[in-house]
Amino acid sequence: MFLLPATVLIFVMSFWPIVRAFIISLQTGSSADLHWAKPVFWNYMRMFKDRKFLLTMGNTFLYLIIQVPIMLILAILLAQLLNNKDLKFKGLFRTMVFLPCATSLVSYSLIFKSLFATQGLINTVLRHLGIISQNINFLGNTGTARAIIIIALIWRWTGYNMVFYLAGLQNIEYSVYEAAKIDGANGWKTFWHITVPLLKPTIVMTFIMSINGTLQLFDESVNLTKGGPSFTSMTMSHYIYNNAFGTGVANFGYASAMSFVVFVLVAVLAVINMKVGDTRD
């Protein structure tokens, strides 16, 4: 009985919307005139013929493949460095690394947009250093626009993941490292054979969270590049939003179908990570 109110709220606010979204994904028409699609899986069939959706899916996986490993490796290395018991001003350094995470998603996206604008600080500095002769349109070129989104994500989320690794490192007894040192293990062997295996549950958790977050990436695509040029930096969530709310008639059926594809991708990748990270016999 004590659990019943929370259970009902979770069902009404979380599970029923999922079921309702799946029903809508089988429908077509405008938001005021939804009816069953013919065939019923038409929205899902349409999706894999939609070049824009396939392009945004490729963009999202590009961000995932490049950004997530770099971010998590940096987070582990920073956590290892800032966990040193002899390091002075540890609190200050930890705060400095974590501060980007406390910045609003919209705010930091706009800051990066200003920095990399054609007349922005980055172009000004590069021109004064003689590295470039004329300003570069970073946000107007496909390669640089994608690179800026990746850089922004790494800057924003590395400190967030570092906190999890710091917590994991502080649960490892220092005597384990002392024993390894006595046995002649150098810094790299200690890190690879002691730190990484003992942090495996934390690594799996951060991988799953990072994959989940990247597949649902929205703010950076909207605020940094607006998906341009020509959809080449747009993410799946941004494209789903455009179909549901952003442009033209609200196409909730098609948007719901695309959302379920993202849901399945997140679930599959999470299961793979859990299986890979499962240390049980």
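Treat the numbers as computed from the prediction; the structure is a model and nothing was measured.

1. Some remarks on the packing of aromatic side chains
This structure, assessed with the given rule, holds 14 aromatic pairs. Both rings, one in Phe-218 and one in Tyr-241, keep their centres 5.3 Å apart while their planes meet at 65°; by these two values the pair is edge-to-face. Taken together, the residues Phe-218 in the loop between helix 10 (200-215) and helix 11 (219-225) and Tyr-241 in helix 12 (residues 236-246) connect sequence positions 23 residues apart. What makes Tyr-241 partly exposed here is its relative accessible area of 39%. Taken together, the ring pairs in this structure connect Tyr-108, Phe-112, Phe-116, Phe-138 and Trp-155 into an aromatic cluster.

2. Regarding the layout of surface pockets
Taken as a whole, the largest pocket encloses approximately 490 Å³ of empty space. Top element by residues in the lining of the largest pocket is helix 8 (residues 174-182). It accounts for four residues.

3. Brief notes about the nonpolar core
Counting 55 residues, the largest nonpolar core has Met-47, Phe-53, Tyr-165, Leu-215 and Met-258 as the members making the most contacts within it. Ranked by residue count, the leading element in this core is helix 3 (residues 51-82), at eleven residues. Sequence-distant contacts of Met-47, that is, excluding residues within four places in its chain, are made with Phe-53, Leu-54, Tyr-254, Ala-257, Met-258 and Val-261.

4. Thoughts on helix 12
Where burial is concerned, most of helix 12 is hidden: eight out of the eleven residues are buried. Among all positions of helix 12, only Met-236, Ser-237, His-238, Tyr-239, Ile-240, Asn-242, Asn-243 and Ala-244 are buried.

5. Side note on the packing of helix 4 (residues 90-102) against helix 7 (residues 142-170)
Two quantities define a packed helix pair, namely the angle between the axes and the distance from one axis to the other. Orientation of helix 4 relative to helix 7, taken along the N-to-C sense of each, is 130°, at an axis distance of 6 Å. Judged by the inter-axis angle, helix 4 sits oblique to helix 7. The two elements helix 4 and helix 7 cross, and the hand of that crossing is left-handed. Listed contacts from helix 7 to Arg-94, Val-97, Phe-98, Pro-100 and Cys-101 of helix 4 are Trp-155, Arg-156, Trp-157, Gly-159, Tyr-160, Met-162, Val-163, Leu-166 and Gln-170. Partitioning the contact of helix 4 with helix 7 into residue classes produces ten nonpolar, two polar and two charged.

6. Some words on the environment of Ile-18
Among the secondary structure elements, Ile-18 is positioned in helix 1 (residues 4-25). On the accessibility criterion, Ile-18 (38% relative accessible area) is partly exposed. Residues Ile-18 and His-128 lie 110 residues apart in sequence; the distance between their C-alpha atoms is 54 Å.

7. Examining helix 4
The end-to-end C-alpha distance of helix 4 is 18 Å, a good match for the 18 Å that 13 residues give at a rise of 1.5 Å each. Of all the bends in helix 4, the largest measures some 30° and sits at Met-96, one to four residues before the proline Pro-100.

8. A closer look at the confidence of the model for the protein chain
When pLDDT is averaged across the protein chain, the result is 89; 98% of the residues are at 70 or more. Of all helices and strands in the protein chain, the one with the weakest mean pLDDT is helix 8 (80), whereas helix 3 scores best (94).

9. Brief notes about the environment of Phe-61
Tracing the chain through its elements places Phe-61 in helix 3. Residue Phe-61 is classed as partly exposed on the basis of its relative accessible area, which comes to 23%. Residues Phe-61 and Ile-211 lie 150 residues apart in sequence; the distance between their C-alpha atoms is 9.5 Å. The contacts of Phe-61, once residues within four sequence positions are left out, are Leu-215, Leu-265 and Leu-269.

10. What about a nonpolar patch on the surface?
Side chains of Met-1, Leu-4, Val-8, Leu-9, Ile-10, Phe-11, Val-12, Met-13, Phe-15, Trp-16, Ile-18 and Val-19 sit close together on the surface and give an oily, nonpolar patch of about 1,300 Å² of accessible area. Along the polypeptide, Ile-10 turns up in helix 1. Residue class for Ile-10 comes out partly exposed when judged on its relative accessible area of 46%.

Here is what the cut-offs are and how they apply
- Residues numbered from 1 in each chain as written.
- Predicted model: local features only at pLDDT ≥ 70, side-chain atom pairs only at ≥ 80, totals over all residues.
- Heavy atoms only, no water.
- Phe/Tyr/Trp six-rings, centres within 6.5 Å; stacked < 30°, edge-to-face > 60°.
- Helix = DSSP H or I, 4+ residues; strand = E, 2+ residues; numbered from the N terminus.
- Buried < 20%, exposed > 50% of the residue type's maximum accessible area, 1.4 Å probe, protein only.
- 1 Å grid on protein atoms, 1.4 Å probe; cavity = no way out; pocket = protein on both sides within 12 Å on 5 of 7 lines; lining within 4 Å.
- Points joined across faces, edges and corners; volume = space filled by probe spheres on them.
- Core = buried A, V, L, I, M, F, W, Y, C linked by side-chain atoms within 4.5 Å.
- Contact = heavy atoms within 4.5 Å.
- Axes fitted to C-alpha atoms, helices over the stretch in contact; angles between N-to-C directions.
- Parallel < 35°, antiparallel > 145°, perpendicular 65-115°, else oblique.
- Left-handed = near helix turned anticlockwise from the far one by under 90°.
- Nonpolar A, V, L, I, M, F, W, Y, C, P; charged D, E, K, R; others polar.
- Expected span 1.5 Å × (residues − 1).
- Bend = angle between axes of the 7 residues up to and from the residue.
- pLDDT = per-residue confidence, 0-100.
- Patch = residues over 30% accessible without salt bridge, like charges linked within 9 Å, V, L, I, M, F, W, Y side chains within 5 Å.
- Areas by Shrake-Rupley, 256 points an atom, 1.4 Å probe, with all protein chains shown as cover.
- Salt bridge = Lys/Arg side-chain N within 4 Å of Asp/Glu carboxyl O.

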